[in-house]
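Analysis of the macromolecular model
Residues per chain are reported as follows:
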Amino acid sequence: MNILVFADHINGQFKKTAFESVSYASRVAKSNNGICTAVVLGKMNDPAKLSGFGANKILEVPYDGKFSSNVYSSVLMELANRENAELVVVSHDLNGKSIAGLLAAKWGAGSVTGVVSMPEFHNDGMDVVKGVFSAKAYARYRIKSAKKVISVMPNAFPPEEVGGDANIESVNISIPADRIEVLSVERAEGKVPLPEADIVVSGGRGLKGPENWHLLEDLATTIGGVLACSRPVADVDWRPHNEHVGQTGIVIRPKLYIAVGISGAIQHLAGVNNSKVIVVINKDPEAPFYKAADYGVVGDLFEVVPRLNEALKKYLK
Amino acid sequence: MEVIVCISKSPDTTARIAFTDQNTKYDEQGVQFIMNPFDEFYALVRGVELQEKEGAQLTFLNVGPASNDIIIRKALAIGGNKAVRIDTEPKSAWDVAKQIASYLKDKTFDLVLFGKETIDYNGSEVGAMVAGILDLPFVSNASKLEFENGNFILNRDIEGGIEKIRVAAPCIISAAKGMAEQRIPNMRGIMMAKTKPLEVVPAVETEDLVELVSYSLPVEKSGVKLVDPENMDELVRLLSEEAKVI
Ligand SMILES: Cc1cc2nc3c(=O)[nH]c(=O)nc-3n(C[C@H](O)[C@H](O)[C@H](O)COP(=O)(O)OP(=O)(O)OC[C@H]3O[C@@H](n4cnc5c(N)ncnc54)[C@H](O)[C@@H]3O)c2cc1C
């Protein structure tokens, strides 16, 4: 089975999710005696990097426009047809999410988004598992159509360096006219996006006000983490809404989630339950978050967090 | 301007998640259903604001059985001119998208708004699929939407930032947090909603490409290990030696 995988980048640098998707696709291709072809749109600093993650072939599409789900999905569809691919893999990041459904509909493919399992093959289709009910359950789906599209959940499959020397081909393809114009892009430079973070330090109403966030910022700096927050914190603008995790915010699955002054309401848990390890710091021993935690510290965060920061500094030195 | 806001039903955010029929059916017993929050808080309210500010004609569109009328009436209590329900128990994102697209294909409209995803199946797919079927421009996760000189100006959320986008009508947009603020229906709205038209249209046949095999629940945590708040060296040790995450 041949697989086409979309490798996204930001200004010429691959996203972590690109390596994850390529790594995933190459594992599936290998176990099905197929070819894993990675697609890159626009100028890349180092497209060959993808062969290190298992791509057998790298297609470079000359393109100097900005991201457009319509253009990208058309290009992927055309290349999937040329490469006889049965499966197209994208990441379930914000660009991937806007491509997956479009591509599936145009191409006539069955699709499952937010996949957290390797596929399993049956006579009548391919099974994948995804989180449903906002991470409160899983569903196994069987894609029965010949053409298939999946988006893979960020941070679910660590990229594996396998080495390789894939051919890089520049493809000749006509880019469809676009009806979307990107006027400007604003992006915090050098920051790890929350869904890609391995360690997340998150604050709730227990912090009492935005002026106390330096406590979490210091902790995050020490441990190499990214900041998140509960919904009420974003709603009152203590923190930007792109830090809001939970059922109505961002769903994350870091290795380590440190929740500070967050009660652990079910809607909050929905966004963070899939973290590998959860640490809860809360002065209320009855806080519901303790039921979902691996480690708990019952105490006043204003004392515990600086102490934890010092202990970490000592350990990391 | 013609605006269509697609609204869907989802279990309440606190609903118990359990399954029946050998884990192939969501157990709806005792579950309270609500309007999907991303549809209600953002897409719907922005639609209502366009109705108020730009004089847009606003239609709510739902794919679902008659029991969804409660949710549709709630939407009409917040605003809108009328609603349409496509009468079927939806089977999948693809089914919903096909139903919506076949309803829209001979209508004129400027904007179709969706919530960025539903909180039950978390697909983020329906809006995109409708755009794919109808071959219309699609922008996902828009946290701001303005109407200027016949175009929509959007902020699309990207990891760690935003993209500012101009797109001409007609287009399909999915709404994220920030596009609008939740509104609670008032008494007058609730009364008016009763007299607004709710048209029920038959569904089309669709063919499913994806089939649910089974549901499962996550394995429960084995229990929290409490660490003395005076002894953070111990927590660091556990994170490093036991959990191996630092
Ligand atoms: C439809 C809907 C969707 C929602 N979606 C989300 C969502 O996506 N994400 C989300 O987070 N919430 C969501 N919520 C809100 C959710 O129900 C909770 O209200 C919210 O998560 C609570 O935030 P919090 O834990 O920061 O605040 P609180 O519940 O007020 O908890 C504060 C905690 O801080 C502790 N604390 C206070 N002072 C200290 C101190 N000095 N030291 C240590 N601990 C201290 C307290 O013991 C308490 O447990 C949603 C709600 C609804 C109805």
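Next up on the list: the interface of chain A and chain B. Across the boundary between the two partners, chain A contributes 84 residues, which contact 77 residues of chain B. For the pair chain A and chain B, the summed buried surface comes to about 7,100 Å²; carbon and sulfur atoms form 58% of the total. Ranking the residues of chain A by area buried against chain B places L94(A), F133(A) and Y295(A) at the top, with a combined share of 11%. For the interface between chain A and chain B, the tally reads eight salt bridges. K177(B) serves as the salt-bridge partner of D235(A), at 2.9 Å between the closest nitrogen and oxygen.

What follows deals with the nonpolar core. Ranked by size, the top nonpolar core spans 75 residues in total, and within it Y24(A), L50(A), V89(A), I150(A), L61(B), I100(B) and L104(B) carry the most contacts. The contacts of Y24(A), once residues within four sequence positions are left out, are V89(A), V115(A), S117(A), M118(A), P119(A), V128(A), I150(A), V152(A) and F157(A). Core analysis: the second largest hydrophobic core is formed by 41 residues, V45(B), V48(B), I72(B) and I78(B) among them.

So, about the site of the ligand. Lining the immediate surroundings of the ligand are 27 residues, of which S230(A), T248(A), S263(A), Q267(A) and H268(A) lie closest. Around the ligand the close residues trace back to chains A and B. For the ligand, an oxygen atom lies 2.9 Å from a polar atom in the side chain of H244(A). One nitrogen or oxygen atom from the side chain of S263(A) is found 2.7 Å from an oxygen atom belonging to the ligand. Considered on its own, the ligand offers 980 Å² of accessible surface; in the complex 81% of this is hidden by protein. Contributing elements (two or more residues each) for the shell around the ligand: α6 (231-235), α7 (266-272) and α8 (301-316) of chain A. When grouped by side-chain class, the residues that make up the shell around the ligand number six nonpolar, 15 polar and six charged.

Bridge analysis of strand β17 (residues 277-282) of chain A against strand β18 (residues 295-298) of chain A gives four bridges, and the strand direction is parallel. When the bridges of β18(A) are listed, N282(A) appears paired with V298(A). Bridge analysis of β18(A) against strand β15 (residues 225-226) of chain B gives two bridges, and the strand direction is parallel. Looking across to β15(B), one finds that G296(A) is bridged to L226(B).

Definitions and cut-offs
Residues numbered from 1 in each chain as written. Chains lettered and ligands numbered in written order. Predicted model: local features only at pLDDT ≥ 70, side-chain atom pairs only at ≥ 80, totals over all residues. Heavy atoms only, no water. Contact = heavy atoms within 4.5 Å. Buried area = accessible area lost by both parts, 1.4 Å probe. Salt bridge = Lys/Arg side-chain N within 4 Å of Asp/Glu carboxyl O. Core = buried A, V, L, I, M, F, W, Y, C linked by side-chain atoms within 4.5 Å. Buried < 20%, exposed > 50% of the residue type's maximum accessible area, 1.4 Å probe, protein only. Near = heavy atom within 4 Å. Polar contact = N/O pair within 3.5 Å; in protein donor to acceptor, adjacent residues only side chain to side chain. Areas by Shrake-Rupley, 256 points an atom, 1.4 Å probe, with all protein chains shown as cover. Helix = DSSP H or I, 4+ residues; strand = E, 2+ residues; numbered from the N terminus. Nonpolar A, V, L, I, M, F, W, Y, C, P; charged D, E, K, R; others polar. Pairing = 2+ DSSP bridges.

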